[in-house]
Amino acid sequence: MFILVNLKTYPCDPVAVADAVAAVDETTDARVAVAPQAAHLERVAETGAETWAQHVDPIDYGSNTGHTLAETAADAGAVGTLINHSEHRLKLADVDGSVRAADRAGLETVVCANNPAQIGAAAALGPDAVAVEPPALIGTGTPVSQADPEVVEGAVDAARNVDEDVAVLCGAGISTGDDVVAAADLGSEGVLLASGVAKADDPKAALEDLVDPL
Ligand SMILES: O=C[C@H](O)COP(=O)(O)O
């Protein structure tokens with residue numbers, strides 16, 4: 001299982017969480033990675049934790065003020081990027097452009113989408129993975145894998161019907177090892193989560209709980 005921890009703009013210490021990610025990754029067969037804010041990419045990558053960007057823009061080198069260039073994220077140590085999060089929504093053409101930009105820079109891609117229909121569209125753009133996240137469950141602590149299993153199964157089917165090589169993750173409310181096991185049982189190859197780790201009093205203990213049953 002792939003466990004990708006998105007730090008969003010939560011007021012956590014990104015280096016401390018990254019240290020915990022790196023340490024827990026050593027103890028498990030699961031793959032554990034962290035996605036800090038763009039300004040923290042380099043410091044986080046220096047911990048040795050697998051580091052992802054939260055976003056890259058559909059641009060190339062040039063006159064693009066205030067944007068995130070995929071190559072710059074890669075230079076800072078990112079090995080992958082989220083694209084089209086519910087909290088950073090893109091037009092379909094821009095999702096496509098961001099996937100192309102990430103490919104150009106050698107970044108792995110996870111395109112997020114709200115529901116199975118959008119997952120099918122996202123999978124058609126050829127990312128490495130898609131992640132289904134019902135917006136209503138994000139940040140609630142109610143795990144999509146246990147509260148809305150149909151959406152995860154639907155996403156797995158939708159992606160498989162388009163491109164069997166695109167992995168499917170799920171996210172929203174995931175915070176325990178039981179939630180991760182439930183996601184795996186539904187056909188998900190990973191989970192995308194944030195508050196369960198970024199807002200935890202002890203992020204390392206939260207990560208240990210996530211991987212414990214794997
Ligand atoms: O990117 C992560 C997702 O939005 C899930 O967030 P959450 O784990 O706080 O529900």
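As the structure is a prediction and not an experimental result, all values here were calculated from the model. (Residues numbered from 1 in each chain as written. Predicted model: local features only at pLDDT ≥ 70, side-chain atom pairs only at ≥ 80, totals over all residues. Heavy atoms only, no water.)

Draft legend 1. Geometry of the site of the ligand. All residues adjacent to the ligand are Asn6, Lys8, His85, Glu133, Ile138, Gly139, Ala172, Gly173, Leu192, Leu193, Ala194 and Ser195. Within the side chain of Asn6, one N or O atom sits 2.9 Å away from an oxygen atom of the ligand. (Near = heavy atom within 4 Å. Polar contact = N/O pair within 3.5 Å; in protein donor to acceptor, adjacent residues only side chain to side chain.)

Draft legend 2. Broad picture of the UniProt feature "binding site: substrate" (unreviewed entry) in the protein. Here, UniProt's "binding site: substrate" (unreviewed entry) annotation points to Asn6, Leu7, Lys8, Ile138, Gly173, Ala194 and Ser195. Spanning 190 residues, the annotated positions come together in the fold, the maximum distance between their C-alpha atoms being 14.2 Å. Here, the largest cavity is lined by Asn6, Lys8, Ile138, Gly173, Ala194 and Ser195 out of the annotated residues. In this structure, Leu7 sits in the loop between strand S1 (2–6) and helix H1 (14–25). Judged by its relative accessible area of 3%, Leu7 falls in the buried class. Sequence-distant contacts of Leu7, defined by excluding residues within four places in its chain, comprise Cys12, Pro14, Val17, Val34, Ala35, Pro36, Gln54 and Ala198. Here Ser195 lies in helix H9 (residues 195–198). Filtering out sequence-adjacent residues up to four positions away, Ser195 remains in contact with Tyr10, Gly139 and Ala200. (UniProt positions renumbered as here; feature names shortened; annotations may be inferred. 1 Å grid on protein atoms, 1.4 Å probe; cavity = no way out; pocket = protein on both sides within 12 Å on 5 of 7 lines; lining within 4 Å. Helix = DSSP H or I, 4+ residues; strand = E, 2+ residues; numbered from the N terminus. Buried < 20%, exposed > 50% of the residue type's maximum accessible area, 1.4 Å probe, protein only. Contact = heavy atoms within 4.5 Å.)

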